[in-house]
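These are the residues of each chain, in order.
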Amino acid sequence: VAGGFMAGTVAAVATAPIDLIKTRIQVCSGYDGVVQSGARILKEEGLRVFTKGIGARVIWVAPGCAITIAIFEDVRNALVVLDEAAIPPPALQNVET
């Protein structure tokens, strides 16, 4: 769970700037391309704007990532146990390996 939380934290921080640019393109008029929008935001608002809201983003993304990875691991482990306990089909029971 801790690993999933850390992965979610890194992902949230790493993708925050591009998410800001994407949101501006979707919501505001006058923002057309990714590079042009990023340059405009940087010029008009400065570098610090790309870090605004990272705390809230981490609180939103990291727990979901932790839960997703924990559930994935539990399901994977359960499937491995089921696979190991499976009885081979009759056609393969007498086949030597």
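As a reminder, the structure under discussion sits directly above these lines.
Only a predicted model underlies this, so the values are computations on that prediction, with no experimental measurement involved. (Residues numbered from 1 in each chain as written. Predicted model: local features only at pLDDT ≥ 70, side-chain atom pairs only at ≥ 80, totals over all residues. Heavy atoms only, no water.)

**What about the packing of aromatic side chains?**
Under the defined criterion, the tally for this structure stands at zero aromatic pairs. The ring of Tyr-31 has Arg-40 sitting right over it, with the charged end atom 4.1 Å from the ring centre. (Phe/Tyr/Trp six-rings, centres within 6.5 Å; stacked < 30°, edge-to-face > 60°. Lys NZ or Arg CZ within 6 Å of the ring centre and 35° of its normal.)

**Notes on the environment of Gly-53**
Following the sequence through the fold, Gly-53 ends up in the loop between helix H2 (34–45) and helix H3 (54–85). Taking C-alpha positions, Gly-53 is 8.4 Å from Ala-16, a pair spaced 37 residues apart along the chain. (Helix = DSSP H or I, 4+ residues; strand = E, 2+ residues; numbered from the N terminus.)

**As for H3**
Each α-helix turn comprises 3.6 residues. Residues three or four places apart therefore point the same way. An ideal rise of 1.5 Å per residue puts 46 Å on 32 residues; H3 measures up with 46 Å between its terminal C-alpha atoms. For H3, every residue scored as buried is listed here: Ile-54, Val-58, Ala-62 and Ala-66. On its buried side, H3 packs onto helix H1 (2–27). (Expected span 1.5 Å × (residues − 1). Buried < 20%, exposed > 50% of the residue type's maximum accessible area, 1.4 Å probe, protein only. Contact = heavy atoms within 4.5 Å.)

**So, a nonpolar patch on the surface**
Taken together, the side chains of Ile-67, Ile-71, Val-75, Leu-79 and Leu-82 make up a nonpolar region of the molecular surface, amounting to roughly 490 Å² of accessible area. Position of Ile-67 among the secondary structure elements: in helix H3. (Patch = residues over 30% accessible without salt bridge, like charges linked within 9 Å, V, L, I, M, F, W, Y side chains within 5 Å. Areas by Shrake-Rupley, 256 points an atom, 1.4 Å probe, with all protein chains shown as cover. Salt bridge = Lys/Arg side-chain N within 4 Å of Asp/Glu carboxyl O.)

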